Amino acid sequence: MAGHSQFKNIMHRKGRQDAQRSKIFSKLAREITVAAKLGTPDPAMNPRLRAAVLAARAENMPKDNIERAIKKAIGGDSENYDEIRYEGYGPGGVAVIVEALTDNRNRAASDIRSYFTKSGGNLGETGSVSFMFDRLGVIEYDASVASADDMLDAAIEAGADDVQSNDAGHEVYASQDTFREVAKALEAKFGEARKAALTWKPQNTVSVDDEIGEKLLKLMDLLNDHDDVQNVYANFEVSDALLAKMG
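Residues numbered from 1 in each chain as written. Predicted model: local features only at pLDDT ≥ 70, side-chain atom pairs only at ≥ 80, totals over all residues. Heavy atoms only, no water.

## A closer look at the domain arrangement of the protein chain
Here is step 1 of the chain: Taken domain by domain, the protein chain holds domain 1 (6-75), domain 2 (82-131 + 204-246) and domain 3 (134-202).
Here is step 2 of the chain: Measuring from the centre of the C-alpha atoms in domain 1 to the corresponding centre in domain 2 gives 23 Å.
Here is step 3 of the chain: Of all residues in domain 1, the largest losses of buried area upon contact with domain 2 belong to Lys23, Lys27 and Arg30, amounting jointly to 75% of the total for that side.
Here is step 4 of the chain: Across the domain 1-domain 2 interface, the total number found is 3 salt bridges.
Here is step 5 of the chain: For Asp228, the salt bridge is made with Arg30, and the minimal N-O distance between the two is 3.2 Å.
Here is step 6 of the chain: Along the contact surface separating domain 1 from domain 2 lie 9 residue pairs in polar contact (both at pLDDT 80 or more).
Here is step 7 of the chain: Ranked by residue count, the leading element in the side of domain 1 that touches domain 2 is helix 1 (residues 2-38), at 6 residues.
Here is step 8 of the chain: Counted by class, the side of domain 1 that touches domain 2 contains 2 nonpolar, no polar and 5 charged residues. (Domains from an automatic or database assignment. Buried area = accessible area lost by both parts, 1.4 Å probe. Salt bridge = Lys/Arg side-chain N within 4 Å of Asp/Glu carboxyl O. Polar contact = N/O pair within 3.5 Å; in protein donor to acceptor, adjacent residues only side chain to side chain. Helix = DSSP H or I, 4+ residues; strand = E, 2+ residues; numbered from the N terminus. Nonpolar A, V, L, I, M, F, W, Y, C, P; charged D, E, K, R; others polar.)

So this is what it looks like as C-alpha cells:
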C-alpha cells in the first residue's frame, strides 16, 4: 500500500507540475504576443520581445510555441490586453507590486483586491508603494559563465550600476536608460543571458517572522497563480526554514 500511495503522490505532483508548466507557457505566450504587437515582430529589433523570448527559453518553452505567439500578433487575431500595475501592502505591511496583462480589467482588479484583503493586507493606489522600489534592468547569467571578478569587471566596463554574484549565478543591474547597451555588451562577451528584463528592485528589504512569512508566501502563490498576473515583486525576507517548510 505504501508503494501505491507513493506512486499516487508522484503522479499527483507530476500533474500539478504539468498544470503549472502549462500556466507558465500561457503567460509567456501572452507577453510574447503583446510585445510583438506593440513593436516589431523581430526580437533583434524589439527589446521587450527579446526579453520575452529569453524568458520563454529559460523555461524550456518549445520553439513552435514561441513562433506561434509571435505569428498571432502579426496575424492581428490576438486578444487586446491592458497592462496594469497594482500596488498594495501585504501582511506585516510588506510592499507588493503586481504586474498584469488582462482582457478584463474589472475581473483582474476584483480578484487581486480580494487576495490582498483575505491575506490581511490591502490594495492601494498606483504609486502607493513603488517609491520603495527602483525600476531597473537586470541581466542574469549562470555562475559557470564567469568568475565573480570577471563579471564585475565586464559589467563596470559596460556601464552597469551593480552586480550581485553567488552560487546561483550573476545578476547585473543597470538603469532603464543604459540597460539595453549593457545587455548587448555582456552578450558580446559572455553569450546570451538567461534573463534580461526590466524589474522592480526593493531599495530595502524587511525580515518577517514565520507566521507573517507564511501568510505572505501564500499571497505570493495566489497572485502568481492568477492567469492575468505576469510578475509579482515584494520587499520581504523569510527564514530558510520557512521556505523549506512551504516547499
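## What to know about the sheet that holds strand 6 (residues 169-175)
Here is step 1 of the chain: With antiparallel pairing, the 4 strands of this open sheet are ordered in space as 5-6-4-7. In this open sheet, the two strands that pair with only one neighbour each are strand 5 (162-166) and strand 7 (195-202). Mean inter-strand twist for the sheet, computed between neighbouring axes without regard to direction, equals 30°.
Here is step 2 of the chain: Alignment of strand 4 (residues 133-141) against strand 6, held across 6 bridges, turns out to be antiparallel. Looking across to strand 6, one finds that Gly137 is bridged to Ala174.
Here is step 3 of the chain: Against the sheet, helix 6 (residues 179-190) engages strand 4, strand 6 and strand 7, with an angle of about 15° to strand 4. (Pairing = 2+ DSSP bridges. Axes fitted to C-alpha atoms, helices over the stretch in contact; angles between N-to-C directions. Contact = heavy atoms within 4.5 Å.)

## A word on the nonpolar core
Here is step 1 of the chain: By size, the foremost hydrophobic cluster in this structure holds 23 residues, and its most contacted members are Tyr86, Val96, Val98, Ile112, Met220, Leu223 and Phe236.
Here is step 2 of the chain: Put simply, the parts of the chain that give this core at least two residues each are strand 1 (82-89), strand 2 (95-102), helix 4 (105-119), helix 7 (210-225) and strand 9 (229-234).
Here is step 3 of the chain: Of all the elements, helix 7 adds the most residues to this core, at 5 residues.
Here is step 4 of the chain: What Met220 contacts, discounting residues up to four positions off in sequence, is Val96, Val232, Ala234 and Phe236.
Here is step 5 of the chain: If you look at the next biggest cluster of nonpolar residues, it comprises 18 residues, including Ile139, Ala155, Leu186 and Ala193. (Core = buried A, V, L, I, M, F, W, Y, C linked by side-chain atoms within 4.5 Å. Buried < 20%, exposed > 50% of the residue type's maximum accessible area, 1.4 Å probe, protein only.)

## Points about helix 3 (residues 63-75)
Here is step 1 of the chain: Here helix 3 contains 13 residues, and its C-alpha end-to-end distance of 18 Å stays within 8% of the 18 Å for a straight helix at 1.5 Å per residue.
Here is step 2 of the chain: All of the buried residues in helix 3 are Ile66, Ala69, Ile70 and Ala73. Around the axis of helix 3, the buried residues are gathered within 95° of arc, so they sit on the same side. Residues of helix 3 that are exposed and point over 90 degrees away from its buried face: Asp64, Arg68, Lys71, Ile74 and Gly75.
Here is step 3 of the chain: Directly after helix 3, the chain includes Gly76, whose backbone phi takes a positive value near 75°. (Expected span 1.5 Å × (residues − 1). Arc of directions from axis to C-beta.)

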